[in-house]
Amino acid sequence: MVNDAIARNKRKDVAFKSIGLFVIFFILILMYVPILVLIAYSFTNATNVGTWTGFSFDLYGALFQDEEIMTALGNTIILALSSSAISVVLGTCGAIGTFYASKKARASIEIVTQIPVVNAEIVIAMSLTVMFVFCGTYLFMGANIFSFWTLLIGHVILSLPFVYLSVKPKLLQMDPHIYEAALDLGCSQGKAIFKAVLPEIMPGVGSGALLAITLSLDDFIVTAFTRGAGLLSGEKTIDTLSTLVQAKIKKGPVPPEMRALTTLIFLFVFLIVVLITVYNNVKARRNRKKGRY
Amino acid sequence: MARAYSKTKRFFSFKRKYLCIPYSVFLILFVIIPIFIILVYAFTGSTEDGALYFSFDAFTSFFTSPTKINILVVSLFVGMLNTIICLLIGYPVAYLLANSKVNKNKILVLLFIMPMWINFVLRTGATRDVLSWMGINGGNHPYLATMIGMVYNYLPFTILPLYTTMIKLDKSQLEAASDLGANSFNVFLHNTLPQSLPGIVSASEMVFMPTLSSYVISDTLSEGKITLFGNIIYLNFSQSQWNEGSFMAFVMLILVGISMLVSRHFDRGEQSERRGTLW
């Protein structure tokens with residue numbers, strides 16, 4: 001009787017699990033179709049996906065020869081790294097400072113932090129651009145101030161609140177006595193923050209930095225609005241991957257060289273995911289071992 | 001002792017709360033002031049020599065133009081439809097991912113996030129190429145193509161907040177409900193669903209507003225046939241119509257404010273945490 005019930009339950013579980021996995025993988029495959037198609041067609045010369053003109057690695061060679069794409073790629077990377085570095089420093093300092101600030105100051109900073117998070121990207125972009133034009137006309141005697149710096153500000157604004165928001169929970173979880181202990185042991189206030197608080201919130205800072213890089217790499221609208229001339233593009237308007245691809249796909253299919261680039265990016269990301277998984281597994285195993293003693 | 005004393009006597013002494021000053025200044029300069037300038041532009045016109053004067057021109061031109069109102073209605077409709085479809089697909093997926101019987105590790109979740117790391121303009125272009133390969137293109141099915149592109153792009157943003165709420169569900173409460181005789185449908189309706197409501201709200205918020213204001217997806221997939229609110233702001237911007245563009249950004253801001261109030265009603269403070277747990 002009891003055994004029957006257990007067996008029935010087990011069968012139910014197995015059925016649930018297999019249906020569940022089926023649904024998950026079905027959606028996953030659907031989500032990967034466009035990317036996988038691009039990757040598959042990166043090994044052929046055809047201008048359009050859907051026509052296979054024989055296997056070749058030509059696109060990879062063409063990719064590294066294509067100056068436009070390489071410039072855009074360089075711009076994108078420089079922009080992502082610099083904007084996330086600024087966001088991380090500003091956001092981490094901001095989060096620590098706000099954490100120790102008075103209740104009133106904290107409440108108002110939190111509200112202002114929420115604005116760029118919930119705001120539509122196009123409104124952020126539009127408002128920044130209008131302000132830059134306004135500043136250009138009224139403060140800089142009608143000069144055009146759009147350049148790498150305005151673009152950088154746009155990207156920092158985009159990611160700054162997210163850095164703040166990923167550091168904040170770590171501050172809340174932190175043992176509040178650590179900072180005081182450091183002071184008692186003779187640290188100055190600045191040193192106590194550096195040596196005692198910062199290591200505690202490091203995971204939050206790290207995830208904030210990754211988030212900032214992701215947001216910057218993926219951004220189109222803010223880039224299109226706030227960019228000017230400069231960086232690797234020289235005298236021309238700065239092109240990042242997003243704006244370059246957008247300009248191309250407006251006229252025709254995804255450029256063939258981009259398919260090769262997609263493959264490379266995908267491999268890179270895949271490698272990172274594998275490394276993260278392996279690292280987490282190793283860490284979990286080590287923790288389990290530690291727990292035994 | 002003496003050293004500590006001399007430190008407090010210094011004119012400027014470092015306090016940890018001063019660390020938030022650069023952050024706040026940056027936010028005021030590049031968030032508050034730009035929004036303020038938008039408001040100024042939305043309710044002014046400018047003469048030839050650049051002097052500003054107060055006017056309701058942008059206001060009247062927005063509300064008397066049937067095309068603009070039409071665009072607003074269409075955008076709201078597309079936004080809502082996209083939110084609903086994403087939730088309908090994303091909710092079961094998140095539920096299954098968070099269920100330890102189905103998914104024991106985080107690799108599957110990472111697989112859902114992975115496409116987000118490939119440039120989204122590139123992904124949109126790829127989607128369009130694949131769809132037109134299958135015979136669905138902006139020429140014959142602009143709405144279908146746009147909706148597919150929207151759902152494809154925003155699905156990960158729906159799954160993540162839902163997933164992070166679902167793994168925090170109070171399992172013992174669910175078990176208690178079934179022990180007390182509720183069937184699995186009732187457990188879901190009266191227990192799982194209310195508990196995951198904050199996740200649903202924050203997922204909708206992450207989909208609805210970005211859909212309204214998206215530019216690339218609708219422009220690429222409908223081949224310019226569908227104009228959403230984001231497209232028209234972009235258009236006004238590229239034609240240097242500051243006042244009208246600003247007014248539309250202002251309308252957008254009101255919508256953002258409404259959605260902010262709605263989400264605040266549902267949960268307090270947790271939301272930001274959930275957004276921060278992308279990694």
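Residue numbers restart at each chain and count upward from 1, following the sequence in its written direction. By the order in which they are written, chains take letters starting at A while ligands take numbers starting at 1. Side-chain atom pairs in this predicted model are given and counted only at pLDDT of 80 or more, local residue features only at pLDDT of at least 70, and totals for whole chains, interfaces and linings cover all residues. Water and hydrogen atoms were dropped before computing side-chain values, which therefore reflect all heavy atoms in the structure.

A.B. asks: Give a detailed account of the overall build of chain A, specifying residues and quantitative values.
C.D. replies: Secondary structure assignment for chain A yields 11 helices and zero strands. When the elements of chain A are put in sequence order from the N terminus, they spell out α-α-α-α-α-α-α-α-α-α-α. Over its C-alpha trace chain A gives a radius of gyration of 25 Å, far above what one expects of a compact globule, namely 19 Å for 293 residues. In terms of principal-axis extent, the alpha carbons of chain A reach across some 65 × 60 × 30 Å. For chain A, the proportion of its 293 residues judged to be buried stands at 48%. Numbering of helices and strands starts at the N terminus; helices are DSSP runs of H or I of at least 4 residues and strands are runs of E of at least 2. Note that the radius of gyration is over C-alpha atoms, with the globule rule given as 2.2 Å times the number of residues to the power 0.38. In this scheme, a residue with accessible area under 20% of its type's maximum is buried, one over 50% is exposed, and one in between is partly exposed, where area comes from a 1.4 Å probe on protein chains only.

A.B. asks: For the overall build of chain B, give the residues involved together with the corresponding values.
C.D. replies: When helices and strands are counted, chain B shows 14 helices and two strands. Counting all 279 residues of chain B, 53% fall into the buried class. Only heavy atoms matter for contacts: two residues are in contact if any of them lie within 4.5 Å across the pair. If you take every contact in chain B between residues at least 6 apart in sequence, the share linking residues at least 24 apart comes to 71%. Each accessible area is a Shrake-Rupley result for a 1.4 Å probe, and residues are judged covered by the shown protein chains and nothing else. Working note: accessible area of chain B is about 13,400 Å², and carbon and sulfur atoms make up 67% of it.

A.B. asks: So what's going on with the domain arrangement of chain A? Residues and values would help.
C.D. replies: In this document the domain limits rely on a domain assignment from an automatic tool or a database. Examined at the domain level, chain A breaks down into domain 1 (2-43) and domain 2 (66-253). Each of domain 1 of chain A and domain 2 of chain A has a C-alpha centre, and the two are 38 Å apart.

A.B. asks: Run through the interface of chain B and chain A, naming residues and quoting values.
C.D. replies: Taken together, the contacts link 83 residues of chain B with 97 residues of chain A. Accessible area, probed at 1.4 Å, shrinks when two parts are joined; the buried area is that loss added up over both. A combined buried area of about 8,300 Å² lies between chain B and chain A, and 79% of that area is made up of carbon and sulfur atoms. When a carboxyl oxygen of Asp or Glu is within 4 Å of a side-chain nitrogen of Lys or Arg, the pair counts as a salt bridge. Among the salt bridges present, the one from B:Arg123 reaches A:Asp218, with a minimum N-O distance of 3.7 Å. As used in this structure description, the phrase polar contact means that two N or O atoms lie within 3.5 Å; if the pair is within protein, one of them must be able to donate a hydrogen and the other to accept it, and residues adjacent in sequence are counted only when both atoms belong to side chains. Seen at the junction of chain B and chain A, the total is 10 residue pairs in polar contact (both at pLDDT 80 or more). For the side of chain B that touches chain A, the element with the highest residue contribution is helix H2 (residues 20-42) of chain B, accounting for 16 residues.

A.B. asks: Before we move on, could you go through helix H10 (residues 197-213) of chain B and cite the residues and values that matter?
C.D. replies: Each residue after the first adds 1.5 Å to the expected span of a helix. With 17 residues, H10(B) extends 25 Å between its outermost C-alpha atoms, agreeing within 8% with the 24 Å of an ideal straight helix rising 1.5 Å per residue. Across the 17 residues of H10(B), 14 count as buried, placing the element largely inside the fold.

A.B. asks: So, the side chain of B:Thr211: which residues are in play, and what are the values?
C.D. replies: Residue and element names in this part refer to chain B. Here Thr211 shows up in helix H10. Polar contacts involving the side chain of Thr211 include one to the side chain of Asn82, which spans 2.9 Å. Look past the residues within four positions of Thr211 in its chain and what remains in contact with it is Val78, Gly79, Asn82, Met150, Tyr154 and Leu228.

A.B. asks: Kindly report on the packing of helix H3 (residues 67-100) of chain A against helix H8 (residues 189-218) of chain A, identifying the contributing residues and their values.
C.D. replies: Residues and elements named next belong to chain A. Here, axes are lines fitted to C-alpha atoms. For helices the fit covers the stretch in contact, and angles between N-to-C directions go from 0 to 180 degrees. For the pair H3 and H8, interaxial distance at closest approach is 8 Å and the crossing angle is 140°. In terms of orientation, H3 and H8 fall into the oblique class. In this structure, H3 crosses over H8, and the sense of that crossing is right-handed. Residue-level inspection shows Thr76, Leu79, Ala80, Leu81, Ser83, Ser84, Val88, Thr92, Ile96 and Tyr100 of H3 in contact with H8, the latter providing Ile193, Val197, Leu198, Ile201, Val205, Ala209, Ala212, Ile213, Ser216 and Leu217. Here the word oblique covers every angle except those under 35 degrees (roughly parallel), over 145 (roughly antiparallel) and from 65 to 115 (roughly perpendicular). Rotating anticlockwise by less than a right angle from the far helix to the near helix defines a left-handed crossing, while the corresponding clockwise rotation defines a right-handed one.

A.B. asks: Would you mind going over the pattern of salt bridges in detail, with residue names and values included?
C.D. replies: All names here are of chain A. Per the stated rule, a full pass over the model turns up seven salt bridges over all chains. Of the charged contacts, one joins Glu68 and Lys248 as a salt bridge, the two residues approaching to 3.0 Å between their closest N and O atoms. In this pair, Glu68 is assigned in helix H3 and Lys248 in helix H10 (residues 241-251), connecting sequence segments 180 residues apart. With a relative accessible area of 40%, Glu68 lands in the partly exposed category. Asp239 is the salt-bridge partner of Arg227, the closest N and O atoms lying 3.2 Å from each other. Of this pair, Arg227 sits in the loop between helix H9 (221-226) and H10 while Asp239 sits in the loop between H9 and H10, and the two are 12 residues apart along the sequence.

A.B. asks: Can you lay out the nonpolar core for me, pointing to particular residues and giving the numbers?
C.D. replies: A:Met126, A:Phe220, A:Met258, B:Leu97, B:Phe112 and B:Phe229 are the most contacted members of the largest nonpolar core, which has 162 residues in total. At 14 residues, the largest contribution of residues to this core is made by helix H6 (residues 148-173) of chain A. Built from parts of two domains, this core gets at least three residues from each of domain 1 (2-43) and domain 2 (66-253) of chain A. Setting aside anything within four residues of it in sequence, one finds B:Leu97 in contact with A:Ile24, B:Asn103, B:Leu108, B:Val109, B:Phe112, B:Ile159 and B:Tyr163. By nonpolar core is meant a set of buried Ala, Val, Leu, Ile, Met, Phe, Trp, Tyr and Cys residues that side-chain atoms within 4.5 Å join together. Core analysis: the next-biggest nonpolar cluster, separate from the first, contains six residues, A:Val37, A:Leu38, A:Tyr41 and A:Val49 among them.

A.B. asks: Residues and numbers for the confidence of the model for chain A, please.
C.D. replies: The predictor reports its confidence for every residue as pLDDT, a score running from 0 up to 100. In the predicted model, chain A carries a mean pLDDT of 85, and the fraction of residues at 70 or more is 98%. Model confidence for chain A, summarised as mean pLDDT per element, is weakest for helix H2 (residues 58-65) of chain A at 83 and strongest for H3(A) at 91.

A.B. asks: Which residues make up the packing of H3(A) against H2(B), and what values do they have?
C.D. replies: Across the interface, H3(A) lies against H2(B) with an axial gap of 7 Å and an inter-helix angle of 115°. In terms of their interaxial angle, H3(A) and H2(B) are classed as roughly perpendicular. For the pair H3(A) and H2(B), the crossing hand works out as left-handed. Judged by residue contacts, A:Leu90, A:Gly91, A:Cys93, A:Gly94, A:Gly97 and A:Thr98 of H3(A) engage B:Cys20, B:Pro22, B:Tyr23 and B:Phe26 from H2(B). Amino acids outside the nonpolar list (Ala, Val, Leu, Ile, Met, Phe, Trp, Tyr, Cys, Pro) and the charged list (Asp, Glu, Lys, Arg) are all regarded as polar, and Gly is one of them. Its residues assigned to classes, the contact of H3(A) with H2(B) comprises six nonpolar, four polar and no charged.

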